[in-house]
2 protein chains.
Amino acid sequence: MVAVDESEESMYALSWCISNLISDTKSNNKLVLLYVKPPPAVFSDAAGYIFSTEAIAAMEKYSTELADSVMERAKVIFNNLNATNINIERVIGIGDPKNVICKAVHKLEADTLVMGSHGYGLIKRALLGSVSDHCAKYAKCPVVVVRQP
Amino acid sequence: MVAVDESEESMYALSWCISNLISDTKSNNKLVLLYVKPPPAVFSDAAGYIFSTEAIAAMEKYSTELADSVMERAKVIFNNLNATNINIERVIGIGDPKNVICKAVHKLEADTLVMGSHGYGLIKRALLGSVSDHCAKYAKCPVVVVRQP
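Residues numbered from 1 in each chain as written. Chains lettered and ligands numbered in written order. Predicted model: local features only at pLDDT ≥ 70, side-chain atom pairs only at ≥ 80, totals over all residues. Heavy atoms only, no water.

- Per an unreviewed UniProt entry, the recorded name for chain A is UspA domain-containing protein, and the organism is Lupinus angustifolius.

What follows is the structure, given as structure tokens:
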């Protein structure tokens, strides 16, 4: 499982995974691309009256487009690396990335979780703590934390 | 590079590395086994007068024997997994594991660092913080944190 987000580093983590963990000789390689969207609640909590329904819908649309664009970028990487022998599954999660990722590892019985070290944006990271730190501690499988050189 | 210690988990991390990161088809696989011994200073700091020279020598001997025994256990794993196409280098570091490991990654230009999540003993970990947490944050290469199932 590779946890991807908008960052360059998560795309680098995906390339690392394809180059280092995917065996050329096995035909049953399966790779789950996991992208986590923020929950709608982020836009309409106790202070929710600030945003109109239209604004919430616009943000929802933006976050869906962001997910699509990340998955598109991942596709380019698969093509560039000639990763043709991989069975790819795209999963979109909703919620706090660190919890969603750990739960997905467990539910989908991932063998290995690969992710960038600076995942989910500098500001969110400062506020919420590093997602990779959390996953390296709590995910139920080996975790690869990839740092872009 | 695989950071090994006395724990079962670090031996599991070594097995994981051989099974998942070492390519059968490449002939130039190189694996550095890194074991970190405590510095002599641990036995003879400001309160050093507690220990006689003989006691320090005995502890030094114990720590060297521990390093040897860990390397021996690693050898058994290589044999069990038929890891014959690997060029193995054994490195013994001295000092605080988390700093020694990060420095060794840098100096030996490791492609990937593999380690157990509970490295270096529960008590030391409680006192010094998790070595794998630190390395996942500061090592200059992708870090695999392996948890024993």
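Alright, that's what it looks like, and here's the rest.
## Comments concerning the packing of helix 1 (residues 8–20) of chain A against helix 2 (residues 53–80) of chain A
The geometry of a pair of packed helices is captured by two quantities: the angle between their axes and the separation between those axes.
All names here are of chain A.
Phase 1 of the analysis: Remark: helix 1 packs on helix 2, axes separated minimally by 10 Å, with the N-to-C direction vectors making an angle of 35°. Considering only the axes of helix 1 and helix 2, their crossing is right-handed. Together, Glu8, Met11, Leu14, Ser15 and Ile18 of helix 1 and Val70, Arg73, Ala74, Ile77 and Phe78 of helix 2 make up the contact between the two elements.
Phase 2 of the analysis: Residue classes in the contact of helix 1 with helix 2 are distributed as 7 nonpolar, 1 polar and 2 charged. (Axes fitted to C-alpha atoms, helices over the stretch in contact; angles between N-to-C directions. Helix = DSSP H or I, 4+ residues; strand = E, 2+ residues; numbered from the N terminus. Left-handed = near helix turned anticlockwise from the far one by under 90°. Contact = heavy atoms within 4.5 Å. Nonpolar A, V, L, I, M, F, W, Y, C, P; charged D, E, K, R; others polar.)

## Observations regarding the relation of the copies chain A and chain B
Phase 1 of the analysis: It takes a turn of 180° to lay chain A on chain B, together with a shift of 0.0 Å along the axis; the resulting RMSD is 0.1 Å. Viewed as a symmetry operation, the transformation between the two copies matches a two-fold axis. No C-alpha of chain A lies nearer the rotation axis than that of valine 144 of chain A, which sits 2.1 Å from it.
Phase 2 of the analysis: The residues that chain A uses at the interface reappear at the interface of chain B in 100% of cases, marking a shared surface. (Least-squares fit on C-alpha atoms with pLDDT ≥ 70 in both.)

## Section: the interface of chain A and chain B
Phase 1 of the analysis: Taken together, the 17 residues of chain A in the interface contact 17 residues of chain B.
Phase 2 of the analysis: Lysine 137 of chain A serves as the salt-bridge partner of aspartate 133 of chain B, at 3.2 Å between the closest nitrogen and oxygen.
Phase 3 of the analysis: Taken together, the connections running from chain A to chain B amount to 10 residue pairs in polar contact (both at pLDDT 80 or more).
Phase 4 of the analysis: Contributions of two or more residues to the side of chain A that touches chain B are made by helix 1, helix 5 (131–138) and strand 5 (143–146) of chain A.
Phase 5 of the analysis: Grouping the amino acids of the side of chain A that touches chain B by side-chain chemistry returns 11 nonpolar, 3 polar and 3 charged.
Phase 6 of the analysis: When strand 5 of chain A meets strand 5 (residues 143–146) of chain B, the two strands line up antiparallel, connected through 3 bridges. Its bridge partner being in strand 5 of chain B, valine 144 of chain A is matched across the sheet by valine 144 of chain B. (Salt bridge = Lys/Arg side-chain N within 4 Å of Asp/Glu carboxyl O. Polar contact = N/O pair within 3.5 Å; in protein donor to acceptor, adjacent residues only side chain to side chain. Pairing = 2+ DSSP bridges.)

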